[in-house]
Amino acid sequence: MAEPLRNDRLLRALRRQPVDRPPVWLMRQAGRYLPEYRAVRERAGDFMTLCRTRELACEVTLQPVERFDLDAAILFSDILTVPDAMGLGLHFVEGEGPAFARPLRSAAEIRALPVPDPESELRYVLDAVRTIKRALAARVPLIGFAGSPWTLACYMLEGGGSREFVGARRLRFERPALLAQLLDTLTTAVARYLAAQAAAGADALMLFDTWGGLLDAEGFRRFSLAPLQRLTAELAAAAPGVPLIVFSKGAGTRLSELAATGCAGLGVDWSVSLTAARAAVADGVALQGNLDPTALLANPRAIRERVAAVLKDYGDAPGHVFNLGHGILPATPPEHVAVLVRAVREHADGVAG
Ligand code: CP3
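The rules behind these values
Residues numbered from 1 in each chain as written. Predicted model: local features only at pLDDT ≥ 70, side-chain atom pairs only at ≥ 80, totals over all residues. Heavy atoms only, no water. Pairing = 2+ DSSP bridges. Helix = DSSP H or I, 4+ residues; strand = E, 2+ residues; numbered from the N terminus. Contact = heavy atoms within 4.5 Å. Axes fitted to C-alpha atoms, helices over the stretch in contact; angles between N-to-C directions. Left-handed = near helix turned anticlockwise from the far one by under 90°. Nonpolar A, V, L, I, M, F, W, Y, C, P; charged D, E, K, R; others polar. Expected span 1.5 Å × (residues − 1). Bend = angle between axes of the 7 residues up to and from the residue. Buried < 20%, exposed > 50% of the residue type's maximum accessible area, 1.4 Å probe, protein only.

Undergrad: Please explain the pairing of strand β3 (residues 97–100) as it appears in this structure.
TA: Direction of pairing for strand β2 (residues 90–93) relative to β3: antiparallel, over a ladder of four bridges. The partner of H91 across the bridge, within β3, is A99. Where β2 hands over to β3, the hairpin turn is made up of three residues, of which G95 adopts a positive phi near 80°.

Below, the structure is given as structure tokens:
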């Protein structure tokens, strides 16, 4: 039997149960803005070696939790490990981001894509999950994650990072059935991968649909939402009781549709107020967010003001997970993150007292 978590604020908030204060963690909380991360990253040599070495992945996962006393840890890995395991050959070009040696270039390649077995091709990720769980010793929950099928397809068809992802968007118009087939394979792969992370010890799961906002309304339903719906259903069966958070960037007008997938919580970016988001989902799911990450570049007084504004915007109801509206920026001073975390705690103390 697993030891019960000593800090279960995140899990309670995701079930919309009362908490003494909102849990706080930050998307991309482990990363280059931390000098201790840069030191381990240098020791590892490159990013994928860091991901593949369980002791090092564990060390960088715990760094922000220890430095800021956060309410959750997130597995240190990347969303692109799944396409890598499907044979695309992931590497990171210094200063340029991710790149695939073999991006998808033909219908035949899409049809031939294998669904990886998580315990073999992605075993290094599951080993990291097991190592981190042991090191956390039930202190805070561990969040496992994956990319959404649409977002993974964007990278696989582009061959790397982009602002426009014209490959996937063109395919959506030109050969929608072929895109649907790719998304179907990815949905199966991601469902198995996340279920395996839960089996290895992840206490909550998160899906990053970073590029959902690139799709028009109909395209979003068909190519982003429909795969997420299938994923939610399959995970409810394969990992019952493990809450799933869906973050679809730019989905401010699509929150009610996303809530209807049956996920436990929705990540919300800063383009929408939490008051409006709560109304849109009729308090049917928890909400995670939504401070603009550039606020952390501003001075401490401005940070405290914005934290108070986000907490007030959500209001005094269960179901809020304090977070940013997207990942923390590499230029963020670590002391500013400490200011944010303290402000969340002090605001809650003020309300309670
Ligand atoms: O702390 C955490 O949040 C856990 C680790 C994590 C990473 N990537 C580590 C990482 C998580 C959850 C991700 C998710 C991820 N990866 C997303 C979705 C989240 C989002 O921000 O929308 C996406 C789109 C990726 C793909 C990716 N990985 C890109 C585009 C890049 C290069 C850009 C960059 O920030 O450098 C990465 C590399 C990456 N993933 C780094 C980290 C810490 C930086 C690598 C380095 O150390 O040089």
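Alright, that's what it looks like, and here's the rest.
Undergrad: Which parts of the structure should I look at to understand the sheet that holds strand β8 (residues 286–291)?
TA: Whenever strands of a sheet pair, they do so through backbone hydrogen bonds, lying parallel or antiparallel. One open sheet holds the seven strands; their spatial order is β1-β4-β5-β6-β7-β8-β9, and the pairing between them is parallel. Of all strands in the sheet, those bounded by a partner on one side alone are β1 (73–74) and β9 (320–324). Alignment of strand β5 (residues 204–209) against strand β6 (residues 244–248), held across five bridges, turns out to be parallel. Counted as the bridge partner of L207 is V246 from β6. Those strands touched by helix α12 (residues 217–238) are β5 and β6, and its axis lies near 170° from that of β5.

Undergrad: Could you clarify how one ought to interpret the packing of helix α5 (residues 81–88) against helix α11 (residues 176–200) in this entry?
TA: When two helices pack together, you describe them by how their axes are tilted relative to each other and by the distance separating the axes. One can describe the packing of α5 onto α11 by two numbers: an axis separation of 11 Å at closest approach and a directional angle of 120°. Crossing of α5 against α11: the hand is right-handed. The residues of α11 that touch α5, namely those facing T81, V82 and M86, are T185, L186, A189 and Y193. Tallied by class, residues from the contact of α5 with α11 come to five nonpolar, two polar and no charged.

Undergrad: Just checking my understanding: could you explain helix α4 (residues 54–68) for this structure?
TA: Relative to the 21 Å expected for 15 residues at 1.5 Å per residue, α4 spans 22 Å between its end C-alpha atoms, a close match to the ideal helical length. Of all the bends in α4, the greatest, near 30°, is centred on L62, and the proline P64 appears no more than four residues after it. Taken together, the buried positions of α4 are occupied by L56, A57, C58, V60, T61, L62, Q63, P64, V65 and F68. Of the residues one or two after α4, D69 is the one with positive phi, at around 55°.

Undergrad: Looking at this structure, I do not really get the side chain of R172. What am I missing?
TA: Within the secondary structure, R172 is located in helix α10 (residues 166–174). By relative accessible area, R172 is classed as buried at 7%. Leaving out residues up to four positions away in the same chain, R172 has contacts with L179, L215, D216, E218, G219 and F223.

So, to be careful, I would describe these as geometric facts and stop short of saying anything about function.
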